[in-house]
Amino acid sequence: MFENLQDKLNKAFKTLKGQGRITEINVAATVKEVRRALTDADVNYKVAKDITDRIRDKALDRKVLISVEPGQLFVKIVQEELTELMGGEAQQINTKGDPAVILISGLQGSGKTTFSGKLAAHLKKQGRGVLLIADDIYRPAAIDQLKVLGEQVGVDVYSEPDNKDAVSIARNGIDHARKTGKKIVIVDTAGRLAVDEAMMQEIEAVKKAINPAETLFVVDSMTGQDAVNTAKTFNDRLNFDGVVLTKLDGDSRGGAALSIKTVVNKPIKFISTGEKMEALDVFYPDRMASRILG
Ligand code: GDP
């Protein structure tokens, strides 16, 4: 995860780590290299510029120049700024309601169904009664995929293969959860390969009808700035509560992880790092910043 970015940042820090006497020019050159590492990682340009301006100001303020360990102090400043950039504190999902409804949105192939299974397993482990709802009316294979995952993690899956109305399936599923005493419902919706008006209208209608406690937007981190742009489009229509970044195991650059919070102003809540049901983590900005710095 993020190997390219990590490599480039570590190279950038070398001057400050090795230099006997540090000058303002050394700091400025390092800051410039950090900015290049970030833009190479597909971080939004404005985000990269703003964060490196802050890093430079803090570095000069905290007297990196006269510090005994200028390299270490500089890295600490970068770590603090990366943590802030990714949202600061970890953000929980809202599971209030009876049942609490969690709506999953995103493009086809982003990892929605896989994530729905993982989230069900994660919540079940906390002792909650969970129901998955397969709300994809276009792809029968998506229903089957969710059923397989549900079986794997021991969570019931509600589906109506012959019903072509996503709103009514979601409503019926929630009723079913109430009747069977399930406390949390996860609604896995249909995605398309690209943003599409019909898909947006459908998920907007589902959201309005079921009033979820939490709407999550799932996106493939490997798509970099495209991920950020798609997030913006979905957020404009759905006003979602949080982001799930998937396929971080294959993302060597980290551009989406670093840009999305600032650009969309919604926190990343979970990260997914593999196809297995265990490969899900709550997102902690500080841990991610440490990981990026290696
Ligand atoms: P959906 O169309 O949004 O429901 O996407 P799927 O859940 O079907 O996922 C699409 C593909 O990505 C599947 O082959 C998944 O196994 C795979 N996938 C999902 N999440 C991850 C992840 O975090 N890492 C990797 N490597 N593959 C993933």
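Okay, so let's go over this structure. Bear in mind the structure is a predicted one, so any value in this text is a computation, not a measurement.

How each quantity is defined
- Residues numbered from 1 in each chain as written.
- Predicted model: local features only at pLDDT ≥ 70, side-chain atom pairs only at ≥ 80, totals over all residues.
- Heavy atoms only, no water.
- Axes fitted to C-alpha atoms, helices over the stretch in contact; angles between N-to-C directions.
- Helix = DSSP H or I, 4+ residues; strand = E, 2+ residues; numbered from the N terminus.
- Parallel < 35°, antiparallel > 145°, perpendicular 65-115°, else oblique.
- Left-handed = near helix turned anticlockwise from the far one by under 90°.
- Contact = heavy atoms within 4.5 Å.
- Nonpolar A, V, L, I, M, F, W, Y, C, P; charged D, E, K, R; others polar.
- Near = heavy atom within 4 Å.
- Polar contact = N/O pair within 3.5 Å; in protein donor to acceptor, adjacent residues only side chain to side chain.
- Areas by Shrake-Rupley, 256 points an atom, 1.4 Å probe, with all protein chains shown as cover.
- Pairing = 2+ DSSP bridges.

This brings us to the packing of helix α8 (residues 197-210) against helix α9 (residues 224-238). The geometry of α8 relative to α9 is characterised by a closest axis approach of 10 Å and an angle of 45° between their N-to-C directions. In terms of their interaxial angle, α8 and α9 are classed as oblique. Note on packing geometry: the crossing formed by α8 with α9 is right-handed. Across from Glu197, Met199, Met200, Gln201, Ile203, Glu204 and Lys207 in α8, the residues of α9 making contact are Thr233, Phe234, Arg237 and Leu238. Taken together, the residues that form the contact of α8 with α9 break down as five nonpolar, two polar and four charged.

This part takes up the site of the ligand. Within the structure, the ligand sits among 15 residues, and Gly109, Thr114, Asp249, Ser272 and Glu275 are positioned closest to it. Here an oxygen atom of the ligand and a backbone polar atom of Ser110 are 3.2 Å apart. Protein burial of the ligand: of its 580 Å² of free accessible surface, 79% is covered by the chains. A per-element tally of the shell around the ligand places helix α5 (residues 112-125) first, with three residues.

Within a sheet, neighbouring strands are paired by backbone hydrogen bonds and run either parallel or antiparallel to one another. An order of β3-β2-β4-β1-β5-β6-β7-β8 is seen for the eight strands of this open sheet, with the pairing classed as mixed. Two strands in the sheet have a free side with no partner beyond their single neighbour: β3 (156-158) and β8 (280-282). Adjacent strand axes in the sheet meet at a mean angle of 25°, parallel and antiparallel pairs treated alike. Across three bridges, strand β7 (residues 268-272) lies against β8 in antiparallel orientation. Within the sheet, the bridge partner assigned to Ile271 lies in β8 and is Asp281. Most of the contacts of helix α6 (residues 140-153) go to strand β2 (residues 130-135), to which it runs at about 165°, and overall it touches β2, β3 and β4 (184-189). Sheet strands in contact with α8 are β1 (100-106), β2, β4 and β5 (214-220), and its direction is about 170° off that of β1.

Such coordinate-based values are descriptive only and should not be taken to indicate function.
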